[in-house]
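# Inside the fold
Listed here are the chains, written in short residue letters.
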Amino acid sequence: MNGAELLVRMLAAYDVRYIFGVPGDTNVSFYPAIEEVGGSMRHVLTRDERHAGYMADAYARVTNRPGVLEVPSGAGPMYALPALAEAHESAVPLILLSFDMPMSGEGRGIITQFVDQVRLMEPVTKASIQIKMAAKIPETIRRAFRIATTGRPGAVNLVIPEDILHEHVAREQISLHAEKACMSFPAYAPEAPQWAVLELQHLLAAARRPLLVAGGGVNRAQGGPALTKLAEQLRVPVVTTMTGQNSISDHHELSIGIVGDNGFHPHANRAMEEADLLVYLGSRIGSVVSMGWTFPQPRRERKIVQVEIAPDLLGNTSENALSIHADARALLEQLSALPAQRPMQTDPKWLATLNEWRRQFWEEAGVQLRRAREEAGPLRPQAIMEALNRRLVRPHLLFADPGTSTSYLNRFVRLTDPESRIIIPRAYGGLGYALPAVVGGWFARPELRPIGLFGDGSFGMSVGELETIVRLEIPAILLNFNNSSFGWIKALQKSRGLARTFSVDFSHQDAAQIAQGFGLRAMRVRTVAELEAAMDAAFAHQGPVFLDLVVESVADVVPPVYSWLRQAGQEPLTVAGRPLVLG
Ligand SMILES: Cc1ncc(C[n+]2csc(CCOP(=O)(O)OP(=O)(O)O)c2C)c(N)n1
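Residues numbered from 1 in each chain as written. Predicted model: local features only at pLDDT ≥ 70, side-chain atom pairs only at ≥ 80, totals over all residues. Heavy atoms only, no water.

A count of helices and strands for the protein gives 22 helices and 20 strands. Rg of the C-alpha trace for the protein: 25 Å, near the compact-globule value of 25 Å for 583 residues, within the 12% margin. If one aligns the C-alpha atoms of the protein with their principal axes, the spans along those axes are about 75 × 60 × 45 Å. Within the protein, the proportion of its 583 residues that are buried is 62%. Restricting to contacts in the protein with at least 6 residues of sequence separation, those with at least 24 account for 77%. When the accessible surface of the protein is split by element, carbon and sulfur atoms take 51% of a total near 22300 Å². The distance from the centre of the 57 positive side-chain charges to the centre of the 60 negative ones in the protein is 5 Å. (Helix = DSSP H or I, 4+ residues; strand = E, 2+ residues; numbered from the N terminus. Rg over C-alpha atoms; globule rule 2.2 N^0.38 Å. Buried < 20%, exposed > 50% of the residue type's maximum accessible area, 1.4 Å probe, protein only. Contact = heavy atoms within 4.5 Å. Areas by Shrake-Rupley, 256 points an atom, 1.4 Å probe, with all protein chains shown as cover. Lys, Arg positive; Asp, Glu negative; His and termini not counted. Charge placed at Lys NZ, Arg CZ, Asp CG, Glu CD.)

Right, here's the structure in full:
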């Protein structure tokens, strides 16, 4: 068996079904090996290594199995780096096969080996390893899957010099087994020590206004059902961060809303301010969630508990009454399994008040959304979210990029089907994720039609993958928020009081025509009437479809961003101009 076959057989042993990648000089012999010994394994040709990474990332987020991408030497890993970084910081297991020039050329000025592919990836991976002989492939693949799926999941880079693909290995020399536990994540999920579970139970029982704060770690741990069960058992309300959203159904009476800066729900943020016990689950309490660590405002009587799979994040940003090193789902299940010890001291008005605030918020949101639909003038993002909400009756995977789409999606979209998910890359918030991500999402769950939402700035960074979407006949619905600018930054410049804005405006592009050129069904939408017809057509169409939404710029209004509203002199924690007061 040669190294290429060995590699493919090992990936097949881990049930790797899709490998996203771009061909080059050094991965030539990898492709026939996929065909010869890969069984149903499929190579997905992408148009850019970064997008191969984003596709694999989206695949991993949806399936909870490591995403795999492969690139040729030199430029390949350099182009793939941003995707590895995003996955790594977002705790998504990704395995990069980075094929390199033969080792014999090392130090001789061989083309593309000027970059040390191992060192290149060290800052953005959990491990970056060169495989030095074919016989080491099986154990290194097992190591890569183990590292990627255990502890805080993350990315692994395997550098594979091309000569290794041709090296012969005797079958008796190696074992092709896979480590079953590491085929999905979290693997070997750590439980909390029993004393900590009991202590948390005690704190929850004693609190008057307890609140669970579900971060992305809950989704990563597939902890949504365990979260819902515990919340129901204790009747403790839940808020989520942007990456923790949908871990509990948007319509559940215990699901209050999204906290933080970008697209926040005022009543959810107010709940954080009023709580006397915050239990952060799988959240590193970063700058967006905490508004630069100023939110919620410190209060002497408020206790903080943090449950984290990465011990180095415990107590990093807050003084914790209790820090628990555990997988979020494991901890929730441990808590649920405890016999109830003492009656909960929760203020009977707490949940009722939060629900009343939530009701008021959505009533007011309904007014705003309808107004946006009825008003003449430029198409507003609210009208788009309203039109989307009405059509999200079947389950969908929604991928959104930074800018207009993320903030308005967070604020106004409510998912009705429990299978639906919103996925937003928040580690770096790199533009150009959503368009390739729909490809990974579709391979992960082809029965859920993917929807991508992005600005025209993002579109410019990912437009090439329209060809991939058409070639693979992916029935994605693509929504381009076209404001002819890097709108978010334009808005930021205005909010900072600059006399004029700098380097943020584009020339006007008819993106629908561009998409048509790639072979998509595409429509340009300027008014609410056009929006209705185009949305109907998009949802009815069986193939890939693109709506170029000529939208009001976020730079002309103050978008729903807590810190920006504050800066503009508005009180962010109000509904219809009324403050939210604890009853
Ligand atoms: C790769 C990358 N470069 C720069 C940024 C900084 N950035 C954040 S939002 C934004 C503007 C986004 O513009 P667009 O995609 O058109 O969406 P809009 O804000 O107009 O809705 C920029 C440049 C980024 N997030 N990612």
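This is not the end of the story, as more comes after the structure.
Attention now goes to the pattern of salt bridges. Working definition: two side chains of opposite charge can pair if their charged atoms are close together. If you walk through the whole model with that rule in mind, you get 31 salt bridges. Here K136 ties to E139 by a salt bridge, and the two come within 2.9 Å at their closest N and O atoms. Taking relative accessible area as the criterion, K136 reaches 35% and is therefore assigned partly exposed. The partly exposed category is assigned to E139, whose relative accessible area is 41%. For E301, the salt bridge identified is with R299, shortest N-O distance 3.1 Å. Look at E301 and you get partly exposed, because its relative accessible area is 44%. (Salt bridge = Lys/Arg side-chain N within 4 Å of Asp/Glu carboxyl O.)

Turning our eyes to something else, we now look at the packing of helix α3 (residues 49–63) against helix α4 (residues 75–89). Contact geometry for α3 and α4: axes closest at 7 Å, N-to-C directions at 30°. What the angle tells us is that α3 and α4 run roughly parallel. The hand of the α3/α4 crossing is right-handed. Counting all contacts with α3, which are made through E49, R50, G53, Y54, D57 and R61, the residues of α4 involved are G76, Y79, A80, P82, A83, E86 and A87. A class-by-class count of the residues in the contact of α3 with α4 yields six nonpolar, two polar and five charged. (Axes fitted to C-alpha atoms, helices over the stretch in contact; angles between N-to-C directions. Parallel < 35°, antiparallel > 145°, perpendicular 65-115°, else oblique. Left-handed = near helix turned anticlockwise from the far one by under 90°. Nonpolar A, V, L, I, M, F, W, Y, C, P; charged D, E, K, R; others polar.)

Let us look at the pairing of strand β1 (residues 18–21). Pairing between β1 and strand β2 (residues 42–45): four bridges, direction parallel. Bridging across to β2, I19 finds its partner in H43. For the segment spanning β1, helix α2 (residues 30–37) and β2, crossover handedness is right-handed. Inspection of the sheet shows β1 paired to strand β3 (residues 67–71) by two bridges, in the parallel sense. (Pairing = 2+ DSSP bridges. Right-handed = clockwise from strand over helix to strand, strands pointing away.)

Turning our attention to unusual backbone geometry. The phi angle of most residues is negative, glycine excepted, and most peptide bonds adopt the trans form. Across the junction of F185 and P186, the peptide omega takes the value 0°, indicating a cis bond. Checked against the element boundaries, P186 lands in the loop between α7 (162–166) and α8 (194–206). Here the bond from F295 into P296 is cis, since omega is -10°, no more than 30 degrees from zero. By the secondary structure assignment, P296 is in the loop between β10 (277–281) and β11 (303–308). Positive phi values are uncommon outside glycine, yet Y188 reaches one of about 50°. The class of Y188 is exposed, set by a relative accessible area of 51%. At S484, a position not held by glycine, the phi torsion is positive, near 55°. Topologically, S484 is positioned in the loop between β16 (477–482) and α19 (487–495).

Let's shift gears to the site of the ligand. Around the ligand sit 15 residues, and of these T404, G457, N483, G487 and W488 come closest. Between the ligand and N483 there is a distance of 2.8 Å, counted from an oxygen atom to a side-chain nitrogen or oxygen. Considering the ligand on its own, with 580 Å² of exposed area, one finds that the protein chains cover 77% of that surface. Sorting the residues of the shell around the ligand by element identifies α17 (456–462) and α19 as the ones contributing at least two each. Its residues placed into classes, the shell around the ligand shows four nonpolar, ten polar and one charged. (Near = heavy atom within 4 Å. Polar contact = N/O pair within 3.5 Å; in protein donor to acceptor, adjacent residues only side chain to side chain.)

Of all hydrophobic cores here, the largest spans 69 residues; its most connected members are L388, L409, L453 and L479. Element by element, the count of residues in this core is highest for helix α13 (residues 348–374), at eight residues. Look past the residues within four positions of L453 in its chain and what remains in contact with it is M385, L388, L398, F399, A400, D401, S405, L409, A434, L479 and F481. (Core = buried A, V, L, I, M, F, W, Y, C linked by side-chain atoms within 4.5 Å.)

Moving on: the packing of α3 against helix α16 (residues 434–444). Packing of α3 against α16 leaves a shortest axis separation of 7 Å and a crossing angle of 40°. In terms of orientation, α3 and α16 fall into the oblique class. In the crossing of α3 with α16, the sense of the turn from one axis to the other is right-handed. Here H51, Y54, M55, A58, Y59, V62 and T63 of α3 lie close against α16, whose contacting residues are P436, A437, V439, G440, G441, F443 and A444. For the contact of α3 with α16, the per-class residue count stands at ten nonpolar, four polar and no charged.

With respect to the helices, strands and loops of the structure, N2 is situated in the segment before α1 (3–13). For N2, a relative accessible area of 19% puts it in the buried group. Not counting residues within four places of it along the chain, the set of residues in contact with N2 comprises L165, H166, E167 and H168.

Here we come to helix α15 (residues 404–412). Most of α15 sits inside the fold, with nine of its nine residues counted as buried. Looking at α15, one finds that the buried residues are T404, S405, T406, S407, Y408, L409, N410, R411 and F412.

Paired through their backbone hydrogen bonds, the strands of a sheet run either parallel or antiparallel. Taking strand neighbours across the sheet as the criterion, the six strands line up as β14-β13-β15-β16-β18-β17 in an open arrangement whose pairing is parallel. The open sheet terminates on both sides in strands that have one partner only, identified here as β14 (421–423) and β17 (521–525). Taken pair by pair, the neighbouring strands of this sheet meet at an average axis angle of 15°, ignoring direction. Sheet strands touched by helix α21 (residues 528–540): β13 (396–400), β15 (449–455), β16, β17 and β18 (545–550). Its angle to β17, the strand with the most contacts, is close to 165°.

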